[in-house]
Amino acid sequence: MPLDPQVARYRTSRKLAGVKPLYTQSLADARAADLAAIRAAAGAGEPVYQVVDRTLPGPDGDLPVRIYRPAGADPQPALVYFFGGGWTLGSIDTADGICRRLANAVPCTVVTVGYRLAPEHTFPAAVYDCYAAAEWVAANAGELGVDPDRIAVAGDSAGGNLTAAVALLARERGGPALAGQVMVYPNTRYGAETPSMQADADPWLFNRHSVDWYWGHYLADPADGRNPLASPLLAGELTGLPPALVITAEYDPLRDEGEQYAQRLAGAGVPTELTRYDGMIHGFFAMSGVLDGGARAVAQVADWLRNRFERRDG
């Protein structure tokens, strides 16, 4: 189908304003522009019963973490959320709107971690930071007021990639046990040459040049892209992973590799739900303030997580 009318208006507004693609900007300018754009498109942040900033011990020093707690009795289910931004942009603030909505809608405690960014910290720093956050939530469940048997992981874009990597690492290391994994338009393979990746590169939207720019920052050596923790689609075995929800967007260069990963998970016997949002673009999940499709996707994720957590009750 054509671009969703709301997406088409968004694209036109960017074109008329002469917005520069992030991959043509300096790193500092791109980081500032990315955060400003997300805040503008996310809409008003929902109030949450309690929001606390603190730190957790990471592999190479303390990491910032933000904890969102809706009202309700302990123990609550928990979601560890990894923000997007191509492993290069983004921060805890980038995911603030998403985390607030999910905390209220599921409801559950949401924990998001400020993992180390590339190119200052290349692969696999972000993977091990995110895994440390999932471990920390499980190990400190009592203090956090969460149920260690009802912990899920989720993320969008690079955060979806990190979600897949954390699930693989948790399986390899025997924990923490995860109730589910949610990957929203995830990167799943370095150097993918899929039809969606080869589509025309629209300069006013996320495109294949964006993808190349992010991978170029994330990988110190292109050979690292063959590591399944960087490219989950290359993992030899996917059995035993937690149930998965994968969301893709029709007009996204990452669409095909995300759907291929969902298909491989299902083929390995992992309960998997795949939804493509027609007419949508990469980034729409964080744009609930301007795109109805984004709001629908957040509601779908909340419903899926609620169902997973209810299955783990008792």
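Everything numeric in this text was worked out from a predicted model, so none of it was measured. (Residues numbered from 1 in each chain as written. Predicted model: local features only at pLDDT ≥ 70, side-chain atom pairs only at ≥ 80, totals over all residues. Heavy atoms only, no water.)

Enquirer: Could you give an account of the environment of Gly216, with specific residues and numbers?
Expert: Looking at the secondary structure, you find Gly216 in helix H7 (residues 208-218). For Gly216, a relative accessible area of 55% puts it in the exposed group. When the C-alpha atoms of Gly216 and Asp74 are compared, they prove to be 43 Å apart, with 142 residues separating the residues in sequence. (Helix = DSSP H or I, 4+ residues; strand = E, 2+ residues; numbered from the N terminus. Buried < 20%, exposed > 50% of the residue type's maximum accessible area, 1.4 Å probe, protein only.)

Enquirer: I'd like to hear about the nonpolar core, residue by residue, with values.
Expert: Ranked by size, the top nonpolar core spans 102 residues in total, and within it Tyr81 and Tyr218 carry the most contacts. Broken down by element, the residue count for this core peaks at nine residues, all from helix H6 (residues 158-173). (Core = buried A, V, L, I, M, F, W, Y, C linked by side-chain atoms within 4.5 Å.)

Enquirer: Give me the lowdown on the environment of Gly61, citing residues and values where you can.
Expert: Here Gly61 lies in strand E2 (residues 61-69). A C-alpha to C-alpha distance of 19 Å links Gly61 and Leu162, two positions 101 residues apart in sequence.

Enquirer: Report on the side chain of Thr163, specifying residues and quantitative values.
Expert: Tracing the chain through its elements places Thr163 in helix H6. Under the relative-accessibility criterion, Thr163 is labelled buried at 0%. Polar side-chain contacts of Thr163 include one of 3.3 Å to the backbone oxygen of Ala154. (Polar contact = N/O pair within 3.5 Å; in protein donor to acceptor, adjacent residues only side chain to side chain.)

Enquirer: Summarise the environment of Asp62; cite the residues concerned and give the values.
Expert: Tracing the sequence through the fold places Asp62 in strand E2. When the C-alpha positions of Asp62 and Tyr115 are compared, they lie 9.8 Å apart, and in sequence the two are 53 residues distant. Discounting residues that sit within four places of it in the chain, Asp62 has contacts with Thr55, Leu56 and Pro57. (Contact = heavy atoms within 4.5 Å.)

Enquirer: Residue-level account of the packing of aromatic side chains, with values.
Expert: Inspection of every chain in the model, using the stated rule, returns ten aromatic pairs. When the centroid spacing of 5.6 Å and the interplanar angle of 75 degrees are considered together, the rings of Phe123 and Tyr218 count as edge-to-face. Taken together, the residues Phe123 in the loop between strand E4 (109-113) and helix H4 (125-139) and Tyr218 in helix H7 connect sequence positions 95 residues apart. Relative accessible area serves as the criterion here: at 8%, Phe123 is assigned to the buried category. Between Tyr185 and Phe284, the ring centres sit 5.8 Å apart and the planes meet at 55 degrees, which makes this aromatic pair tilted. On the criterion of sequence distance, the pair formed by Tyr185 in the loop between strand E6 (180-184) and H7 and Phe284 in the loop between strand E8 (272-281) and helix H9 (292-311) is long-range, its members being 99 residues apart. Judged on exposure class, the residue Tyr185 and its partner Phe284 are both buried. Through a chain of ring-to-ring contacts, three or more aromatic side chains come together here, namely Trp87, Phe123, Tyr190, Trp215 and Tyr218. (Phe/Tyr/Trp six-rings, centres within 6.5 Å; stacked < 30°, edge-to-face > 60°.)

Enquirer: Any details on the pattern of salt bridges? Residues and values, ideally.
Expert: Pairing between side chains of opposite charge can happen when their charged atoms approach one another. On inspection of all chains with the given rule, the structure shows 15 salt bridges. A salt bridge links Arg66 to Asp93; the nearest nitrogen and oxygen atoms lie 3.0 Å apart. Of this pair, Arg66 sits in strand E2 while Asp93 is found in the loop between strand E3 (76-82) and helix H3 (96-105), placing the two residues 27 residues apart along the sequence. Between Asp303 and Arg306 there is a salt bridge, with its nearest N and O atoms 2.9 Å apart. A residue pair is termed a helical-turn pair when its members lie 3 or 4 positions apart in one helix, as Asp303 and Arg306 do in helix H9 at three residues. Residue Asp303 is classed as partly exposed on the basis of its relative accessible area of 42%. One salt-bridge network, in which partners are shared between bridges, spans Arg39, Asp53, Arg66, Asp93, Asp96 and Arg100. (Salt bridge = Lys/Arg side-chain N within 4 Å of Asp/Glu carboxyl O.)

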